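What follows is the residue order along each chain.
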Amino acid sequence: MEIHNAEFIISNSEVSKCPKEPLPEYAFIGRSNVGKSSLINMLTNHKNLAKTSGKPGKTQLINHFKINQNWFLVDLPGYGYARVSKKTKEVFQKFITDYFEKREQLVCGFVLIDIRLEAQKIDLEFITYLGEIQVPFCIIFTKADKISKTKIDSHIAAYRKALLANNWEEMPQHFVTSSTEGTGRKELLEFIDSVNQEMFKDNGF
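Below is a short write-up of the structure.

## Focus: the packing of aromatic side chains
Within this structure, the stated rule accounts for 12 aromatic pairs. Measuring from ring centre to ring centre gives 5.6 Å for Tyr-99 and Phe-100, while their planes differ by 85°; the resulting arrangement is edge-to-face. With respect to burial, Tyr-99 and Phe-100 carry one shared label: buried. With centroids separated by 5.7 Å and ring planes inclined at 70°, the aromatic side chains of Phe-100 and Phe-126 adopt a geometry described as edge-to-face. Of this pair, Phe-100 sits in helix α2 (residues 86-102) while Phe-126 sits in helix α3 (residues 121-132), and the two are 26 residues apart along the sequence.

## Things to note about the pairing of strand β4 (residues 71-75)
Of all five residues in β4, five are buried; the element is thus mostly enclosed. Sheet topology note: the strand β2 (residues 25-30)/β4 ladder contains four bridges and is parallel. Each residue of the ladder has a partner; that of Phe-28, found in β4, is Asp-75. As paired strands, strand β3 (residues 62-67) and β4 are joined by five bridges and run antiparallel to one another. Among the inter-strand pairings, His-64 is bridged to a residue of β4, identified as Val-74. Where β3 folds back onto β4 in an antiparallel hairpin, the turn is made up of three residues, including Asn-68, whose phi is positive at roughly 50°.

## Comments concerning helix α4 (residues 149-164)
With 16 residues, α4 should reach 22 Å at 1.5 Å per residue; the first-to-last C-alpha distance of 23 Å fits that figure. Among all positions in α4, only Ile-152, His-155, Ile-156, Tyr-159 and Leu-163 are buried. When α4 is viewed along its axis, its buried side chains cluster within an angular range of 100° and face the same direction. For α4, the exposed residues lying more than 90 degrees away from the buried face are Thr-150 and Lys-161. Looking at the packing, one finds that the buried side of α4 touches β5 (106-114), α3, β6 (137-142) and β7 (174-176).

## Section: the sheet that holds β5
Within a sheet, neighbouring strands are paired by backbone hydrogen bonds and run either parallel or antiparallel to one another. Strand order in the open sheet formed by seven strands is β1-β3-β4-β2-β5-β6-β7, and the pairing between neighbours is mixed. If you trace the sheet from one side to the other, it starts and ends with β1 (6-12) and β7, each paired once. Here the strands of the sheet are splayed against their neighbours by 25° on average, with no regard to which way each runs. Lying over the sheet, helix α1 (residues 36-44) contacts β1, β2, β3, β4, β5 and β6, oriented at roughly 145° with respect to β2.

What counts and what doesn't
Residues numbered from 1 in each chain as written. Predicted model: local features only at pLDDT ≥ 70, side-chain atom pairs only at ≥ 80, totals over all residues. Heavy atoms only, no water. Phe/Tyr/Trp six-rings, centres within 6.5 Å; stacked < 30°, edge-to-face > 60°. Buried < 20%, exposed > 50% of the residue type's maximum accessible area, 1.4 Å probe, protein only. Helix = DSSP H or I, 4+ residues; strand = E, 2+ residues; numbered from the N terminus. Pairing = 2+ DSSP bridges. Expected span 1.5 Å × (residues − 1). Arc of directions from axis to C-beta. Contact = heavy atoms within 4.5 Å. Axes fitted to C-alpha atoms, helices over the stretch in contact; angles between N-to-C directions.

Listed below in structure tokens is the structure:
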């Protein structure tokens, strides 16, 4: 898939105010500073489509971007962000869960995980949550340029082991990416394109 057009549509904190168009949506979420904005910019070939920041919790709303006029990329707030009040964090969590549980246009979630780190409890808990509510999702390992291929393989193996120990039958589909080097861009876009083709073929959208 080639991305010819990517435009910001709307930001809000209520699922009911998300775009009404019956287009497939792909939601990106992960811990703060996982490299989500950089990944979105890399995927869309736009330097500033998503705002990047070194400050945790920069994304605080549901952000919709229309891609090629036929699908939405959704940028969601990070979970586990540090510098917000408990009350604010509860609001974030509510509209994150509302989005995943109520948004009919959602066809796949992408859970971003920093490949440099060992399996984090909060990531495993969010993956379990998506499994429990039966939302289709994939894992995107970010920042692959920061560590060796050997460490990448060992960290993915550790996640596989942790998930299998937590009653998963197999490791969810996953992608290894680097926003700096463009690693994984082709594979991710091909995956989205294949899902879109199935959706439109089945007249689901």
